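Residue-level listing of the chains:
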Amino acid sequence: QRLVVEDRQGGAVLVLAGAGSGKTHTLTCRVAHLLKSGCTPWSILLLTFTNKAAREMLDRVCGLVGPIGRDVEGGTFHGFAHRLLRIHAEDVGLDRSFSVLDRSDSVALIKRALDAEVGRRRGEELPSPQVIASILGFAAGCMRSVGDVITERFPMVLEEHVDLVERVGVRYAAMKREENGLDFDDLLVFLLRLLEATEGLGARYSDRFEHVLVDEFQDINRVQYEIVRMLAGPENNLFIVGDDDQSIYRFRRAKPEIILGFEKDYP
């Protein structure tokens, strides 16, 4: 743990450790060590996957260094994306007053899109709005096509319905735009689009965040990983902690293969 906390080499650091070994404690101590070593709190970005875990980590940091720990930029991926999109909404064609759709809102909107495509009286068994929502979410999180996602993860969906799901996805996206809404997957997709497409913005945030730290990295999906890589910038001060045997979010598009391939991206 001390080797992890006091590492001074910079660049990318991968910490793999089993259950109960104190990974999160070590990560928060790492943040405290950076602050005590002179890093400003607003130059540190600490990310994880649940609101509870984010609160606990920031509380632990404050317990070690005092109130200055509250100035560390920390939270969930979705919460961080939400904050940045509120600031830079216009850069990706959004209104700053956009609403965030929860799962039930998304499914209801997809049902309307499905009804518009096939009518309320359906003569065949079609994918349910809930299944279509999952397919579209997987496609967004994995950065894959709807057809590929259906083939790999949803074999119960007939091949002749792939085109229908794609059309529903297009209509659903248009309906969200009309209603000035984003779903949870959109938060991440639009943040990545913002960092990639807005001139100078990706570099601005990678310059600001001298240290990017991610807990439970085994639960990351492809779009989250691309966001992290953009934020880490050319200095690659990316510090990740996880255990590939503990992935619990495969149903949310998590890809443990990312943590296992990390050393290929950051030799």
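Residues numbered from 1 in each chain as written. Predicted model: local features only at pLDDT ≥ 70, side-chain atom pairs only at ≥ 80, totals over all residues. Heavy atoms only, no water.

(A) Inspection of the sheet that holds strand 7 (residues 238-242) at higher detail. What the five strands build is an open sheet, ordered 1-7-6-2-3; its pairing is parallel. Here the strands that pair on one side only, and so sit at the sheet edges, are strand 1 (13-16) and strand 3 (73-76). Each adjacent strand pair in this sheet contributes to an overall mean axis angle of 10 degrees, direction not counted. By the bridge criterion, three bridges tie strand 6 (residues 211-214) to strand 7 in an arrangement that is parallel. Along strand 7, the bridge assignment pairs Val-214 with Ile-240. (Pairing = 2+ DSSP bridges. Helix = DSSP H or I, 4+ residues; strand = E, 2+ residues; numbered from the N terminus. Axes fitted to C-alpha atoms, helices over the stretch in contact; angles between N-to-C directions.)

(B) Broad picture of the pattern of salt bridges. Applying the stated rule across the entire model yields 16 salt bridges. The residue Lys-111 makes a salt bridge to Asp-115 at a minimum N-O spacing of 3.2 Å. Placement of the pair is Lys-111 and Asp-115 together in helix 5 (residues 103-118), with a separation of four residues, close to one helical turn. Each of Glu-117, Asp-163, Arg-167 and Arg-171 takes part in one network of salt bridges that share partners. (Salt bridge = Lys/Arg side-chain N within 4 Å of Asp/Glu carboxyl O.)

(C) The arrangement of unusual backbone geometry in detail. Although it is not a glycine, Asn-180 adopts a positive phi angle of roughly 55 degrees. If you trace the backbone, Asn-180 turns up in the loop between helix 8 (162-178) and strand 5 (181-182).

(D) The arrangement of the packing of helix 2 (residues 23-36) against helix 3 (residues 51-65) in detail. In contact at an axis separation of 9 Å, helix 2 and helix 3 are set at 45 degrees when each is read in the N-to-C sense. In this view, helix 2 runs oblique relative to helix 3, as classed from their interaxial angle. Regarding helix 2 and helix 3, the two cross each other, and that crossing is right-handed. Of the residues in helix 3, those in contact with Thr-24, His-25, Leu-27, Thr-28, Cys-29, Val-31, Ala-32, Leu-35 and Lys-36 of helix 2 are Met-57, Arg-60, Val-61, Leu-64 and Val-65. (Parallel < 35°, antiparallel > 145°, perpendicular 65-115°, else oblique. Left-handed = near helix turned anticlockwise from the far one by under 90°. Contact = heavy atoms within 4.5 Å.)

(E) Fine view of the environment of His-25. For His-25, the location among the structural elements is in helix 2. The class of His-25 is partly exposed, set by a relative accessible area of 40%. Note: C-alpha distance between His-25 and Arg-60 (35 residues apart in sequence) is 8.0 Å. Residues within four places of His-25 in sequence aside, it is in contact with Gln-1 and Arg-60. (Buried < 20%, exposed > 50% of the residue type's maximum accessible area, 1.4 Å probe, protein only.)

(F) Structural detail: the pairing of strand 6. The alternating pattern of strand 6 places His-211 and Leu-213 and Val-212 and Val-214 on opposite faces, both of which are buried. Assessed by its sense of winding, the connection that carries the chain from strand 6 through helix 11 (residues 222-232) to strand 7 is right-handed. (Right-handed = clockwise from strand over helix to strand, strands pointing away.)

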